[in-house]
Amino acid sequence: MAPSYENLPMEEDDFDESQIDFTDLEEQFQERLDESLDAFVVIDGLPKVPEENRPKLSKFVLRKLNSVGKVKEDGLFMPLSDEGQTEGYAFVEYNSPAEALAAVKQLHGSPLDKRHTMQVNKLTDIDRYGREGRIKEEYTAPEIPPFEQKEHLRSWLGDSEARDQMVWYRGEKVGVFWNEREEPPESVVDRENWTESFVQWSPQGTYLISMHAQGVQLWGGKAWSRQKRFAHPGVNLVDFSPSEKYFTTWSHRALQVDENHPVPGMSIEEDGKNYVIWDLATGKPLRSFATIDVPSTIDAEGQPVKKKMQWPTFKWSSDDKYVARMTQGQSISVYELPRMNLLDKTSIKIEGVMDFEWAPATPKRDGIKTYEQLFCYWTPELGSNPAKVGLMTIPSKEIVRTRNLFNVSDAKLHWQSEAAYVCVKVDRHSKSKKSLATNLEIFRVREKGVPVEVVDSIKDTVINFAWEPKGNRFVLITAGEIPAQGAAVPPKTSVSFFCPEKTKGGAPGNFRHVRTVDKKNSNAIYWSPKGRFVVVATLQSQQSFDLDFWDLSFDKPKDEKEESEKDLTANLQLMSTAEHYGVTDIEWDPTGRYVTTVASAFRHHMENGYHLYDFKGTLLREEHIDRFKQLIWRPRPPTLLSKEEQTEIRKNLRNYSKVFDEQDLAKKNTANRQVVEARREMLREWLEWRESMIEMLQEEGAEIELNGGKILSNEDADGRVEEIEEIVEEVIEETEEVIG
Amino acid sequence: MRPILLSGHERALTQVKYNPDGDIIFSVSKDHVVGAWYSHNGERLGTYHGHQGALWTVDVDPTSTLLATGGADNTMRLWEVKSGKLLKTWDFATSIKRVEFSADGRQLLGVTEKRSGHLGTIVVYDINPDPEADQADDHALRIVCDESKATVAGFSYLARYIIAGHEDGSVSQYDGKTGELLYNTQVHEDDMQVTDLQWAPDRTYFITASKDKSAKLITAESLEVLKTYVTDTPLNSAAMTSVKDFVILGGGQAAMDVTTTSARQGKFEARFYHKIFMEEIGRVRGHFGPLNYVAVHPQGTGYCSGGEDGYVRVHHFDKAYFDFLYEVEREQAQANL
């Protein structure tokens with residue numbers, strides 16, 4: 001069944017429209033004929049005052065009301081009760097319906113004094129919702145539905161073979177599969193039109209997200225039923241907080257929410273907004289935001305430069321307590337979750353700020369008792385002030401470290417996955433601004449005083465950089481010369497490996513260059529999620545599709561170790577090289593056992609499909625699938641085992657692997673037997689059929705046919721055989737010699 | 001398996017054929033010339049001149065005495081293989097897309113193209129195997145294809161049926177004597193032209209190739225599909241190997257799209273599938289245009305392919321090819337010892 005957004009099971013047969021009772025809909029969406037009442041609002045929650053104080057109160061209220069629009073002359077009417085007191089409400093007529101709307105939007109809920117809060121509603125709304133019959137006279141408690149057992153959302157983790165799942169989006173179909181190594185993947189669920197643009201996993205793999213014109217839907221559990229849906233018309237992108245509690249949806253088109261365009265779950269507050277931040281548990285929007293226009297710059301030829309939108313715009317702190325957005329060049333606004341109020345009610349002013357990045361884990365800094373969240377930002381040179389990189393803690397807003405930089409044209413911030421280091425890749429220009437070079441400024445966040453180490457031995461520009469996850473080594477790619485405009489051939493690139501020196505105490509020492517591989521085309525780095533192994537690849541290229549699989553902790557025999565690399569914490573080894581024509585995406589499975597490479601139809605239409613490699617670069621399977629778009633591994637939540645338990649397992653790995661080897665072997669044998677059996681059957685059927693055909697031809701006397709199409713000549717029939725002798729002479733070598 | 005490259009043609013090859021002994025290869029091309037080659041070393045034996053347009057088809061009779069050709073000059077011609085002498089020319093209103101002799105060589109069929117005012121037909125002539133004798137002017141049988149035009153056709157065993165493949169992807173069975181349509185079935189996808197039809201040596205079954213990227217093994221008697229071979233490219237030709245139970249499929253991106261695609265993407269490879277298990281065994285690269293025709297040596301010792309690139313590539317199988325056996329085939333072979 002194709003799960004449409006509304007999921008309406010419609011019976012096709014004998015559908016008579018006139019039989020449907022539309023009265024409820026008509027009532028709900030009735031046209032409001034009396035447009036003139038649109039300029040009226042009703043105010044509640046005013047203090048009750050005697051008649052003599054009425055003008056004073058009116059004046060006070062009018063001042064407030066006039067802050068958003070112009071109230072008509074004599075437009076405020078405050079009725080009196082029989083006791084000569086005001087009733088605590090008032091009727092107001094604005095000059096235009098638009099002003100009335102603005103009043104409702106901005107003044108509703110605004111405080112008058114400590115005890116009174118103003119409630120502003122449209123007169124037409126009062127009529128619509130408060131009309132007789134709409135509200136019951138007696139209070140009835142809302143019915144709380146009895147507890148329902150939901151499906152286990154993490155059941156996939158209990159697979160007895162510890163297999164991983166992946167989602168495929170090809171053609172119009174989305175399917176989830178178990179990875180089976182050499183065997184074809186086992187289908188879990190496969191549905192037509194499951195999504196309208198793409199699919200995505202939540203960061204811990206609990207939900208599969210499908211995108212629709214009306215909003216996003218979350219799927220999960222064993223039956224792959226819909227868990228939640230969130231209406232956001234025209235949604236383009238989704239971004240989850242690290243622990244899946246909240247998420248952001250974005251559409252490039254501003255939301256339109258008003259009486260004529262109701263959106264379920266959204267209020268008038270969301271009108272005109274682009275971003276919505278949701279609470280996943282309640283399914284309700286927490287707060288919405290409009291896009292901040294980035295000031296457009298003009299390039300050398302006077303053409304406006306199209307600024308790329310930064311995504312995610314709202315960045316989550318690692319503990320899900322904060323979400324922050326930068327206003328480029330001005331400030332960073334940090335909001336506290338789940339209330340979504342601005343931290344300390346102000347944005348953090350950072351003049352010129354270009355980019356910021358939260359630490360991906362709570363940094364455990366030396367000598368600090370309470371660990372706080374941390375983000376790193378940088379500002380460019382402003383007038384005579386140098387460019388700066390800073391680290392700021394949240395919520396205390398303390399600047400932990402800053403560093404001045406000179407001749408900066410651009411900087412990129414790279415956090416190590418455990419927030420032990422942050423590397424600032426600084427592209428520096430020479431005085432003449434003609435040549436570029438790159439510095440790496442590595443902040444050791446955990447150490448006291450946050451020492452900075454500079455790696456400035458790099459002559460060329462660094463086009464890509466990646467830390468080893470949970471490790472302290474990194475890989476970077478440099479490009480020789482920036483290609484001239486329109487050059488058909490991209491420049492050759494070099495891949496360099498760095499690691500810390502060995503020190504006596506075992507703490508990571510200074511970062512040292514291990515090796516550089518020249519004359520490559522590589523431009524992408526993909527570390528195994530468990531570290532140690534890395535794939536260096538060439539993506540988005542027309543000519544080259546290399547995949548290099550490296551091991552950084554290769555166990556070399558001792559005597560073969562190179563003298564120069566003895567005191568390094570890395571042993572580099574190229575394990576294997578592969579090629580995947582038209583590769584566009586590369587992904588490791590969450591356990592670091594497999595790598596998939598995809599030629600996606602999102603980018604081109606040549607040989608769409610995927611390859612599956614193991615961690616050491618052995619091709620396990622390749623499949624060409626028409627209009628193959630996405631292959632994404634289902635993420636796994638962080639392990640529940642303690643560090644000690646993990647080392648224990650690693651120690652006894654041999655005992656465990658024995659069991660798995662046996663299982664593998666048994667599985668392979670049964671599979672092979674089935675294949676062989678099927679072939680035997682096919683061969684038997686075929687031979688039988690051939691036999692029957694030959695018999696039939698013999699009965700028919702079809703001699704030529706039985707002889708394979710050759711006509712038996714008379715001589716052959718007489719048994720006279722012509723003998724043909726064929727002499728084959730092969731010249732092996734010819735030499736000419738002059739004799740005498 | 002180093003191929004021999006026959007580079008005597010100036011334009012795209014349209015069909016290549018071995019004679020029944022397998023020592024000669026006949027090739028026709030859009031350059032108007034019929035070529036004859038020694039299959040073992042690729043030396044040219046001779047050419048047959050006379051056609052005034054692109055050639056579409058060629059066939060040789062079972063005794064290697066007579067050669068039939070057809071082409072875009074709206075003629076079907078009969079030649080003496082030995083001397084290259086033109087024996088007979090039949091004129092038509094439209095071009096000839098396919099010619100084929102019956103198993104005994106006493107009948108010859110031709111498939112004519114459909115054009116405004118002319119429906120596609122299959123014509124059959126009685127042939128006198130003596131090259132000195134006069135050949136009949138008039139056809140013995142004429143089948144008009146009023147539904148969808150025939151693109152390929154051939155005689156079944158004992159010329160009992162005439163089997164034709166159509167533009168709409170269907171296959172028809174006609175009575176070989178009366179020309180009456182006995183049966184028509186949609187074996188390939190709708191409107192996916194049947195591009196080739198080649199017979200097993202005993203003519204009890206045949207293989208079809210189609211633009212729907214698949215080839216099918218079909219019985220002549222009931223038009224039952226026995227096997228299906230699925231590829232990822234439109235197919236132009238399919239052949240069966242003797243000795244080994246393989247099929248060879250050839251094709252590639254449509255010729256008109258070739259200039260915009262690289263050789264890699266065009267998939268200009270000959271693909272080997274196991275005839276019974278329907279699994280791909282291997283591929284042979286080399287052509288830089290689509291393969292228009294593949295023909296197998298009647299004794300199963302090699303094959304040749306004619307490409308849109310203007311070359312014929314002749315391959316002789318090496319030992320590894322003959323040694324290759326599936327486990328179940330090996331069992332079977334041992335059981336028969």
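How each quantity is defined
Residues numbered from 1 in each chain as written. Chains lettered and ligands numbered in written order. Predicted model: local features only at pLDDT ≥ 70, side-chain atom pairs only at ≥ 80, totals over all residues. Heavy atoms only, no water. Helix = DSSP H or I, 4+ residues; strand = E, 2+ residues; numbered from the N terminus. Buried < 20%, exposed > 50% of the residue type's maximum accessible area, 1.4 Å probe, protein only. Contact = heavy atoms within 4.5 Å. Areas by Shrake-Rupley, 256 points an atom, 1.4 Å probe, with all protein chains shown as cover. Rg over C-alpha atoms; globule rule 2.2 N^0.38 Å. Lys, Arg positive; Asp, Glu negative; His and termini not counted. Charge placed at Lys NZ, Arg CZ, Asp CG, Glu CD. Salt bridge = Lys/Arg side-chain N within 4 Å of Asp/Glu carboxyl O. Core = buried A, V, L, I, M, F, W, Y, C linked by side-chain atoms within 4.5 Å. Domains from an automatic or database assignment. Polar contact = N/O pair within 3.5 Å; in protein donor to acceptor, adjacent residues only side chain to side chain. Pairing = 2+ DSSP bridges. Axes fitted to C-alpha atoms, helices over the stretch in contact; angles between N-to-C directions. UniProt positions renumbered as here; feature names shortened; annotations may be inferred. Buried area = accessible area lost by both parts, 1.4 Å probe. Nonpolar A, V, L, I, M, F, W, Y, C, P; charged D, E, K, R; others polar. Patch = residues over 30% accessible without salt bridge, like charges linked within 9 Å, V, L, I, M, F, W, Y side chains within 5 Å. Phe/Tyr/Trp six-rings, centres within 6.5 Å; stacked < 30°, edge-to-face > 60°. Lys NZ or Arg CZ within 6 Å of the ring centre and 35° of its normal.

Check the secondary structure of chain A and you find eight helices and 41 strands. With 740 residues in all, chain A has 41% of them scored as buried. Within chain A, counting contacts between residues at least 6 apart in sequence, those at least 24 apart form 50% of the total. When the accessible surface of chain A is split by element, carbon and sulfur atoms take 50% of a total near 43800 Å².

Looking only at helices and strands, chain B features three helices and 28 strands. For a compact globule of 337 residues, the expected C-alpha radius of gyration is about 20 Å, and chain B comes in at 19 Å, within 12% of that figure. Principal axes of the C-alpha set define a box for chain B whose edges measure 55 × 50 × 45 Å. Here chain B, with 337 residues, has 61% of them falling under the buried criterion. In chain B, the proportion of contacts linking residues at least 24 apart, taken out of those at least 6 apart, comes to 45%. Accessible area for chain B stands at about 13200 Å²; split by element, carbon and sulfur atoms hold 46% of it. Side-chain charges of chain B comprise 33 positive and 46 negative groups, with the mean position of each set lying 5 Å from the other.

Time to look at unusual backbone geometry. Peptide bonds are trans in most cases, and residues, glycine excluded, mostly fall at negative phi. Residues and elements named next belong to chain A. A cis amide bond links L337 with the next residue in sequence, P338, at an omega value of 0°. The omega angle of the peptide bond from I394 to P395 is 10°, so this bond is cis rather than trans. Position of P395 among the secondary structure elements: in the loop between β23 (387-394) and β24 (399-405). In the Ramachandran plot, A162 falls in the positive-phi region, its phi being about 55° despite a non-glycine side chain. Mapped onto the secondary structure, A162 falls in the loop between α4 (123-130) and β5 (165-170).

This part is about the pattern of salt bridges. Residue and element names in this part refer to chain A. Inspection of every chain in the model, using the stated rule, returns 49 salt bridges over all chains. R170 is paired through a salt bridge with D190; the nearest N and O atoms lie 2.9 Å apart. Of this pair, R170 sits in strand β5 while D190 is found in strand β7 (residues 186-192), placing the two residues 20 residues apart along the sequence. Of the residues examined, D190 reaches a relative accessible area of 31% and is grouped as partly exposed. Notably, a salt bridge pairs R680 with E677, separated by 3.3 Å at the nearest N-O pair. One end of the pair is R680 and the other is E677, both in helix α6 (residues 653-700) and three residues apart, which spans about a single turn. Under the relative-accessibility criterion, E677 is labelled partly exposed at 45%.

Now for the nonpolar core. Among soluble globular proteins, nonpolar side chains are generally buried collectively. Grouped together as the largest cluster of nonpolar side chains are 37 residues, with contacts concentrated most on I163(B), F206(B), I207(B), Y229(B) and L249(B). Those elements that provide at least two residues to this core are α6 of chain A together with β15 (161-166), β18 (194-199), β19 (205-210), β20 (214-219), β22 (235-240) and β23 (246-251) of chain B. Of all the elements, α6(A) adds the most residues to this core, at six residues. Excluding residues within four positions of it along the chain, Y229(B) makes contact with I207(B), K213(B), S214(B), A215(B), K216(B), L217(B), V247(B), L249(B), Y273(B), H274(B), K275(B) and M278(B). Ranked by size, the runner-up nonpolar core spans 21 residues in total, among them L46(A), L65(A), Y94(A) and V104(A).

So, about the domain arrangement of chain A. According to the domain assignment, chain A consists of domain 1 (33-130), domain 2 (197-296), domain 3 (314-456) and domain 4 (656-691). The centre of domain 1 of chain A, based on its C-alpha atoms, is set 83 Å off from the matching centre of domain 4 of chain A.

Bringing the side chain of S496(A) into the picture now. All names here are of chain A. Its place among the elements puts S496 in strand β31 (residues 493-500). You can call S496 buried: its relative accessible area is 6%. Of note is the side chain of S496, whose polar atom sits 3.0 Å from the side chain of T516.

On to the sheet that holds strand β36 (residues 573-579) of chain A. Residue and element names in this part refer to chain A. Spatially, four strands are ordered β33-β34-β35-β36 in an open sheet, and the strand pairing comes out antiparallel. Because the sheet does not close on itself, it has two edges, and the strands there are β33 (524-527) and β36. Within the sheet, the average angular offset between the axes of one strand and its neighbour, ignoring direction, is 20°.

Turning our eyes to something else, we now look at the UniProt feature "repeat: WD" (unreviewed entry) in chain B. Residues and elements named next belong to chain B. The UniProt record marks residues 6-47 and 48-89 with the feature "repeat: WD" (unreviewed entry), using the residue numbering of this structure. Secondary structure over residues 6-47 splits into 0% helix and 52% strand, and the C-alpha atoms at its two ends are 13 Å apart. Strand forms 55% of residues 48-89 and helix 0%; the C-alpha atoms that close the span are 13 Å apart.

Attention shifts here to the interface of chain A and chain B. If you look at the interface, chain A gives 23 residues, while chain B gives 34 residues. Contact between chain A and chain B buries roughly 2700 Å² in total, counting both sides, with carbon and sulfur atoms accounting for 65%. The largest share of the area that chain A buries against chain B comes from R679(A), W686(A) and E705(A), three residues that together contribute 24% of it. Taken together, the links from chain A to chain B amount to four salt bridges. Ionic pairing is found between E279(B) and R679(A), a salt bridge with its closest N-O pair at 2.9 Å. The tally of links between chain A and chain B comes to six residue pairs in polar contact (both at pLDDT 80 or more). Contributions of two or more residues to the side of chain A that touches chain B are made by α6 and α7 (703-706) of chain A. With 13 residues, the single largest contributor to the side of chain A that touches chain B is α6(A). Here the side of chain A that touches chain B is built from residues that sort into 14 nonpolar, two polar and seven charged.

Right, let's get into a nonpolar patch on the surface. All names here are of chain A. A surface patch of nonpolar side chains, amounting to about 440 Å² of accessible area, comprises L641, I649, L653, Y656 and F660. In terms of residue count, the dominant contributor to the nonpolar patch is α6 (three residues). With respect to the element layout, L641 can be found in the loop between β41 (628-633) and α5 (643-651).

With that out of the way, let us pick up the UniProt feature "domain: RRM" (unreviewed entry) in chain A. The residues that UniProt annotates with the feature "domain: RRM" (unreviewed entry) are residues 39-125 of chain A. Secondary structure across residues 39-125 of chain A divides into 30% helix and 24% strand, with the first and last C-alpha atoms of the span separated by 12 Å.

This part covers the packing of aromatic side chains. How two aromatic rings sit relative to each other is given by the distance of their centres and the angle of their planes. Evaluation of the coordinates by the stated rule reveals 59 aromatic pairs over all chains. Judged by centre distance (6.4 Å) and plane angle (20°), the ring pair of F77(A) and F91(A) falls under stacked. One end of the pair, F77(A), is in strand β2 (residues 71-77); the other, F91(A), is in strand β3 (residues 90-94), with 14 residues separating them in the sequence. Overall, F77(A) belongs to the partly exposed group, its relative accessible area being 48%. One aromatic cluster is present, formed by F246(B), F272(B), F277(B), Y303(B), F317(B), Y321(B), F322(B), F324(B) and Y326(B) through successive ring pairs. Positioned above the aromatic ring of F356(A), the side-chain terminus of K315(A) is 4.7 Å from the ring centre. Above the plane of the ring of W156(A) lies R634(A), whose end atom (NZ or CZ) is 3.6 Å from the centre.

Residues and elements named next belong to chain A. Pairing in this open sheet of four strands is antiparallel, and the strands run β12-β13-β14-β15 from one edge to the other. This sheet does not close on itself; its edge strands, each paired only once, are β12 (237-240) and β15 (284-289). For this sheet, the mean angle separating the axes of adjacent strands, direction not counted, is 20°. The sheet contact formed by β12 and strand β13 (residues 246-250) spans four bridges and is antiparallel. For F240, the partnering residue across the bridge sits in β13 and is F247.

Moving on, we come to the environment of D410(A). All names here are of chain A. Within the element layout of this structure, D410 appears in strand β25 (residues 408-415). The class for D410 is partly exposed, based on a relative accessible area of 29%. As a C-alpha pair, D410 and H252 span 158 residues in sequence and 27 Å in three-dimensional space. Look past the residues within four positions of D410 in its chain and what remains in contact with it is W378, K425, V426 and D427. Among the polar contacts made by the side chain of D410, one reaches the side chain of K412 at a distance of 3.2 Å.

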